[in-house]
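Descriptive structure summary
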Amino acid sequence: MESLNDSLTEAERVLHDNDRGDHTIPAAGLYPHQWLWDSCFIAIGLRHLNIDRAQQEILRMLGAQWSNGMVPHMILSDKHHNARDAKLWRSWTNPAAPDIATSGITQPPLLAEAIVRIGKKLSLPERRHWYKSTFPALLRYHEWLHRERDPHQEGLVLQVHPWETGLDNTPPWMRELHEHQMPLWIQAVEKLRLDAIIKPFRRDTKRIPAEQRLDTVEALALYSTQRRLRRKYYDIDKILSHSLFAIEDLSYNCILIRADELLCSIAKSIRQDIPTELQVQIENTRTALEKLWDPYSNQYYSRNFMTHKLIKEPSIATLLPLYAGSISKERASLLIKQLENERGYGPPYPVPSVPVDSPWFKELGYWQGPTWINTNWLIIDGLQRMGFKDHAAALKESTIEMVSNAGMYEYFDPLNGQPGGAENFSWTASLFIDLIKS
Ligand code: GLC
């Protein structure tokens, strides 16, 4: 095992190399833009090294906020794939989009978490100033989420693309895609096994072994879903009236519940009011999470927005109610049991993105098996806040050891700790630093 100091130096080098001045890319080559939740995780680590730079990471994301309140999931870089990717999104077709090229969807709302973590490193007057300067945009983002993404005001917010969850090919979404949204031509590609013809044209598998990425049919389905959204100019009314594909994702709603709590704490510390309407919505989301509980299997699931049917497919989201922090101790204990189960979420290098005994499980299959450091970080934080200190400490230790041994990779094999995906991956580096330094 490399010494922790060597690994810390390595992590700092990765963040330095991926620094593009006013933002950090997730990894060179594969991910050349700025991503929303990546930047939040990056800022959480960067605050230990360079607080100004951590603030800049967040301010740039907020600077790309749409006039309706949405913070996009990507700000497209003006170099590299810019022309191609900007055309792929055509964000400018929506009147709310800013001048710079962005995507047309959002990602998990980790902004409040990053803003508070940065705030903790600042002196009191600086913190007030930081909170005051970010609060208006943050508030508008949360208002947009609760208004636009909960159109019937039932409490849970919906997502229109798996990219919005950050867990791109996670089984609950892939199952729904297959059942409800697979265009005929993709079904034909699958049936006739034509994916082999398309494979050579993929950009990602030129850099990363194909078995560590999404399979070609999944990738096609994600791009075709994105194209449908683009054709509706990212207008939620048009999207919902034409498409039957929307999910109230468990992981997203859990992260929102914690983010709302942090938003309120920011407001309190700078003596700002949370509008009454939003207060009611925040409370409704906390209560609505319990609608996702399945008493038969003793766990939470995502739900189809249209049919209200639970999508009973376990994934890393299953454990994120611990991060939400709003659930009962009793339900939390049931989730902990799953974390302890070696054939579930407790293999030697936890926490796998899909339980080991799931038919979907593939050790290095992107969000269908590998252990990712950002979800480990969320679970560790949730365990700590919910009072499961020993579990939190054990997971923190195994995470640090795994990264220190294997390096700053995108994800890891939960059975043997071997690395997979992109090397020099920013959030692995930044969260490794944070786990050690906080
Ligand atoms: C992939 C991941 C997503 C991440 C992005 C950039 O799409 O699934 O979570 O934000 O890459 O790293």
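So, a few notes on the structure that sits alongside this text. (Residues numbered from 1 in each chain as written. Predicted model: local features only at pLDDT ≥ 70, side-chain atom pairs only at ≥ 80, totals over all residues. Heavy atoms only, no water.)

**Regarding the overall build of the chain**
Within the chain, the secondary structure is distributed over 18 helices and 9 strands. Here the C-alpha atoms of the chain give a radius of gyration of 20 Å, agreeing with the 22 Å that 2.2 N^0.38 yields for 438 residues. With respect to the three principal axes, the spread of C-alpha positions in the chain is 60 × 50 × 50 Å. Taking all contacts inside the chain whose residues are at least 6 apart in sequence as the whole, residues at least 24 apart take part in 70%. (Helix = DSSP H or I, 4+ residues; strand = E, 2+ residues; numbered from the N terminus. Rg over C-alpha atoms; globule rule 2.2 N^0.38 Å. Contact = heavy atoms within 4.5 Å.)

**Observations concerning helix 7 (residues 171–181)**
The set of residues buried in helix 7 consists of Pro171, Pro172, Trp173, Met174, Glu176, Leu177 and Gln181. Elements in contact with the buried residues of helix 7: helix 10 (216–231), strand 3 (247–248), strand 6 (302–304) and strand 7 (310–311). (Buried < 20%, exposed > 50% of the residue type's maximum accessible area, 1.4 Å probe, protein only.)

**A short note on the pattern of salt bridges**
Charged atoms that come close allow side chains of opposite charge to pair. All chains considered together, the criterion is met by 19 salt bridges. For Glu10, the salt bridge is made with Arg13, and the minimal N-O distance between the two is 3.0 Å. Here the residue Glu10 and the residue Arg13 both occupy positions in helix 1 (residues 4–17), the gap between them amounting to 3 residues, near one helical turn. Two residues, Glu113 and Arg117, come together in a salt bridge whose shortest N-O distance is 2.9 Å. (Salt bridge = Lys/Arg side-chain N within 4 Å of Asp/Glu carboxyl O.)

**Some details on the environment of Ala114**
Here Ala114 lies in helix 5 (residues 111–120). For the pair formed by Ala114 and Phe41, sequence separation is 73 residues and the distance between their alpha carbons is 7.0 Å.

**Some words on unusual backbone geometry**
A cis amide bond links Pro350 to the next residue, Val351, at an omega of 5°. Here Val351 lies in the loop between helix 15 (329–340) and helix 16 (373–385). Its identity is not glycine, yet Arg271 carries a phi of approximately 50°, on the positive side. With respect to the secondary-structure elements, Arg271 resides in the loop between helix 12 (250–269) and helix 13 (276–288). Residue class for Arg271 comes out exposed when judged on its relative accessible area of 73%.

**Regarding the packing of helix 17 (residues 389–406) against helix 18 (residues 426–437)**
At their nearest, the axes of helix 17 and helix 18 sit 10 Å apart, and the two run at 135° to each other. The angle between the axes of helix 17 and helix 18 places the two elements in the oblique class. Crossing hand, helix 17 versus helix 18: left-handed. The residues of helix 18 that touch helix 17, namely those facing Lys396, Thr399, Ile400, Val403 and Ser404, are Thr428, Phe432, Leu435 and Ile436. Residues belonging to the contact of helix 17 with helix 18 are distributed by class as follows: 5 nonpolar, 3 polar and 1 charged. (Axes fitted to C-alpha atoms, helices over the stretch in contact; angles between N-to-C directions. Parallel < 35°, antiparallel > 145°, perpendicular 65-115°, else oblique. Left-handed = near helix turned anticlockwise from the far one by under 90°. Nonpolar A, V, L, I, M, F, W, Y, C, P; charged D, E, K, R; others polar.)

**What to know about the site of the ligand**
The environment of the ligand is formed by Pro26, Tyr31, Trp35, Trp37, Asp38, Gln107, Gly166, Asp168, Tyr366, Trp367, Phe425 and Trp427. Take Gln107: an N or O atom from its side chain is 2.9 Å from an oxygen atom of the ligand. At 2.8 Å from an oxygen atom of the ligand is found a side-chain nitrogen or oxygen belonging to Trp367. For the ligand, the accessible surface in isolation is 310 Å², of which the surrounding protein chains cover 95%. The residue makeup of the shell around the ligand, split by class, is 8 nonpolar, 2 polar and 2 charged. (Near = heavy atom within 4 Å. Polar contact = N/O pair within 3.5 Å; in protein donor to acceptor, adjacent residues only side chain to side chain. Areas by Shrake-Rupley, 256 points an atom, 1.4 Å probe, with all protein chains shown as cover.)

**A closer look at the packing of aromatic side chains**
One pass over the structure, following the stated rule, counts 19 aromatic pairs. Consider the rings of Trp37 and Trp427, whose centres lie 5.5 Å apart with planes at 80°: the pair is edge-to-face. Residue Trp37 is found in helix 2 (residues 36–46), and its partner Trp427 is found in helix 18; the two are separated by 390 residues along the sequence. Like Trp37, the residue Trp427 is buried in the burial classification. Between Trp372 and Tyr411, the ring centres sit 4.8 Å apart and the planes meet at 40°, which makes this aromatic pair tilted. Linking Trp372 in the loop between helix 15 and helix 16 with Tyr411 in strand 8 (residues 411–412), this pair joins segments that are 39 residues apart in sequence. When sorted by exposure, Trp372 lands in the same class as Tyr411, which is buried. Sitting over the face of the ring of Phe388, Lys329 holds its NZ or CZ atom 5.0 Å from the ring centroid. (Phe/Tyr/Trp six-rings, centres within 6.5 Å; stacked < 30°, edge-to-face > 60°. Lys NZ or Arg CZ within 6 Å of the ring centre and 35° of its normal.)

Read these as spatial facts, not as claims about activity.
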